[in-house]
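# Coordinates in review
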Amino acid sequence: MWIVWACQQKRVEQTAQPTTTASTIRIATWNLRKFSERQGAGQYPPDLVEIAKIIKAAQFDLIAIQEVQREGQIVEKLRRQLNEPWRHVVSDRTGNNERYAFLYRSDRVDMVDGSAHLVLGAETAVFDRAPFTASFKAGQFDFVLLTVHLSYTDHARRAAEASALAALARKMVDESSEKDLIVLGDFNEQHQRGNLHLFEEQGWTKLNRDATNLGSSEVYDNLLIDRRYTREWTGAAGTWRFDEMDYANDDKQAMEFVSDHRPAWGEFSIVGPDDD
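Right, let's walk through the structure included here. The model shown is predicted, which means the values in this text are computed figures rather than measured ones.

## Some details on the side chain of R108
Tracing the backbone through its elements, the reader meets R108 in the loop between β5 (99-105) and β6 (110-111). Note on R108: relative accessible area 19%, which makes it buried. Within the structure, R108 has its side chain in polar contact with the backbone oxygen of T24 (distance 2.9 Å). A distance of 3.3 Å separates a polar atom in the side chain of R108 from a polar atom in the side chain of D61.

Now the structure itself:
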C-alpha cells in the first residue's frame, strides 16, 4: 500500500541570496546545450566563466550534466574554471554520441570510487541514451543519483523510456540497502505529453515546479525522490533563472553562451542520522 505524502513546497525567489548552510547541500541537474568546444560558422564555444559564475552564485554542490559531447574535455575545463575543491567524472559515450557528467565540490560531497557507470542491459534497452548513476555521501547523507536525458522528438519513445525508468528506479530502491535514490535530469517533460505521472503514481515526488526552458513554458528538467525514504529534502527547490538575471532575458545570447535550459535544483539536509 502506497503512502501518500503531502507537503508545502517552498517557493524560492531566484533573485534572493542563496541560503545553503553547513547543514545542507544543493543538488542540481543541468542540460548544457551541446556542451563541447563548439566551432564553425554560427557556433560559439560555451562561456565557461559565466557557467562557473552561475554555479557559484546558485551555491550548487553537486550537478548532473546532460548533453556533454565529444570526449568530455569541456567538463575538465569547467572544473578548472571552478578551481579547487571541484571534481568531476564523465560517462562513456551513449546514444546520440552524448555523455553525462557529475561535477561536485569534494569538500562537501564524496563520490564512492568506482560507482559511476552507465546502466546497461535489458531493462534499459529502450533508451536511446542509457541512464548514468553514481553513489555519493555528504555529511550523514548517503545517496545514489540516476541521471537521464529522455528523447525529445520521439514522443512514443520518450513515453517508453519514462516507463522503463520508473520501473528501473523502483527496482534499484527495492533491491538495494541504499534507499535514497534521486532520479534527475532532462526528462523533456511537456505539459501536453507528460510522463512523470508514472513516478507520482508510485509515490515519488517531483521537486521542481518551475519552468526550465528559457521561454518559461515547460518544466523539462527535474529531480524525483521517494519521500518514504529520502526525508532529507528540506522542501526547497526551484530553477536558477540565469537568462533573466545575467542576460536581461535575451534568450538568444543566453542559449548561445550558456544553454537553452535553466538548471533545476533541490536542497537536502546532511546532518542527523541517515534514515536508511
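Here the narrative resumes.
## Comments concerning the pairing of strand β2 (residues 24-35)
Moving residue by residue along a regular strand, the side chains alternate between the two faces of the sheet. Buried residues dominate β2, accounting for 11 of its 12 residues. Here β2 runs beside strand β3 (residues 62-68); their pairing, made up of 6 bridges, is parallel. Looking at the pairing, N31 lines up with Q66 of β3.

## Some points on the pattern of salt bridges
This structure, assessed with the given rule, holds 20 salt bridges. Between R129 and E98 there is a salt bridge whose closest N-O contact spans 3.0 Å. Of this pair, R129 sits in the loop between β7 (117-118) and β8 (132-138) while E98 is found in the loop between β4 (86-90) and β5, placing the two residues 31 residues apart along the sequence. Judged by its relative accessible area of 3%, E98 falls in the buried class. The residue R105 makes a salt bridge to D107 at a minimum N-O spacing of 2.6 Å.

## Here's the deal with helix α3 (residues 155-174)
Along its 20 residues, α3 runs 29 Å from first to last C-alpha, staying within 8% of the 28 Å computed at 1.5 Å per residue. Looking at the buried residues of α3, the elements they touch are β9 (141-149), β10 (181-186), α4 (197-200), β11 (204-206) and β12 (221-226). Two to three positions downstream of the cap, the backbone nitrogen of A156 sits 3.3 Å from a side-chain oxygen, assigning the N-cap of α3 to D154.

## Description of the environment of L181
You can see L181 is positioned in strand β10. On the basis of relative accessibility, which here comes to 3%, the residue L181 falls in the buried class. Once residues within four sequence positions are removed from consideration, L181 is found in contact with V144, L146, A169, M172, V173, W204, L224, I225 and T230.

## Digging into helix α1 (residues 48-57)
Looking only at α1, the buried set comprises L48, E50, I51, A52, I54 and I55. Where α1 begins, the side chain of D47 points an oxygen toward the backbone nitrogen of V49, at a separation of 3.2 Å. At the exit of α1 stands Q59, carrying a positive phi of roughly 55°.

## Notes on the packing of aromatic side chains
Counted by the stated rule, this structure contains 11 aromatic pairs. Seen from their ring centres, F242 and Y247 are 6.5 Å apart, and the 85° between their planes marks the pair as edge-to-face. Residue class for Y247 comes out buried when judged on its relative accessible area of 14%. Here the aromatic cluster, defined as three or more aromatic residues joined through ring pairs, consists of Y100, F102, Y104, F132, F136, F141, F143 and F268. R26 extends its terminal NZ or CZ atom over the ring of W265, reaching a point 4.0 Å from the ring centre. Between the NZ or CZ atom of K179 and the centre of the ring of Y229, over which it lies, the distance is 6.0 Å.

## Quick notes on the packing of α1 against helix α2 (residues 73-82)
The contact between α1 and α2 brings their axes to 9 Å, and the two run at 60°. Here α1 lies oblique to α2, going by the angle between them. The handedness of the crossing between α1 and α2 is right-handed. Residue-level contacts link L48, V49, I51, A52, I55 and K56 of α1 to I74, K77, L78, Q81 and L82 of α2.

Cut-offs applied
- Within every chain, residues take consecutive numbers counted from 1 along the sequence as written.
- Residues qualify for local features only when their pLDDT is at least 70, as the model is predicted, and side-chain atom pairs are given and counted only at 80 or more; totals for whole chains, interfaces and linings, by contrast, use all residues.
- No hydrogens and no water enter the side-chain calculation; it runs on all heavy atoms of the structure.
- Runs of E in the DSSP output that reach at least two residues are strands. Runs of H or I that reach at least four are helices, and both are numbered from the N terminus.
- Exposure is judged per residue with a 1.4 Å probe applied to protein chains only, and the accessible area is read against the type maximum: over 50% gives exposed, under 20% gives buried, and values in between give partly exposed.
- Here a polar contact is recorded for every N or O atom pair within 3.5 Å, except that within protein the pair must consist of a potential hydrogen donor and a potential acceptor, and residues adjacent in sequence are included only if both atoms are side-chain atoms.
- Paired strands, in this sense, are two strands between which DSSP finds at least two bridges.
- In the sections that follow, a salt bridge refers to a side-chain nitrogen of Lys or Arg positioned within 4 Å of a carboxyl oxygen of Asp or Glu.
- To estimate how far a helix should extend, the number of its residues minus one is multiplied by 1.5 Å.
- In this analysis, two residues are considered to be in contact whenever any of their non-hydrogen atoms come within 4.5 Å of each other.
- The pairing test for Phe, Tyr and Trp rings, Trp by its six-membered ring, is centres within 6.5 Å, and the orientation test on the planes gives stacked under 30 degrees, edge-to-face over 60, and tilted for anything in between.
- Whether a charge sits over a ring depends on NZ of Lys or CZ of Arg being within 6 Å of the ring centre and within 35 degrees of the ring normal.
- Only C-alpha atoms enter the line fits that serve as axes; for helices the fit covers just the stretch in contact. Angles between N-to-C directions range over 0 to 180 degrees.
- In what follows, roughly perpendicular refers to angles from 65 to 115 degrees, roughly parallel to angles under 35, roughly antiparallel to angles over 145, and oblique to any angle outside these ranges.
- In this scheme the handedness of a crossing depends on how the near helix is turned from the far one: anticlockwise by less than a right angle means left-handed, clockwise means right-handed.

As far as function goes, none of this settles anything; it's purely spatial.
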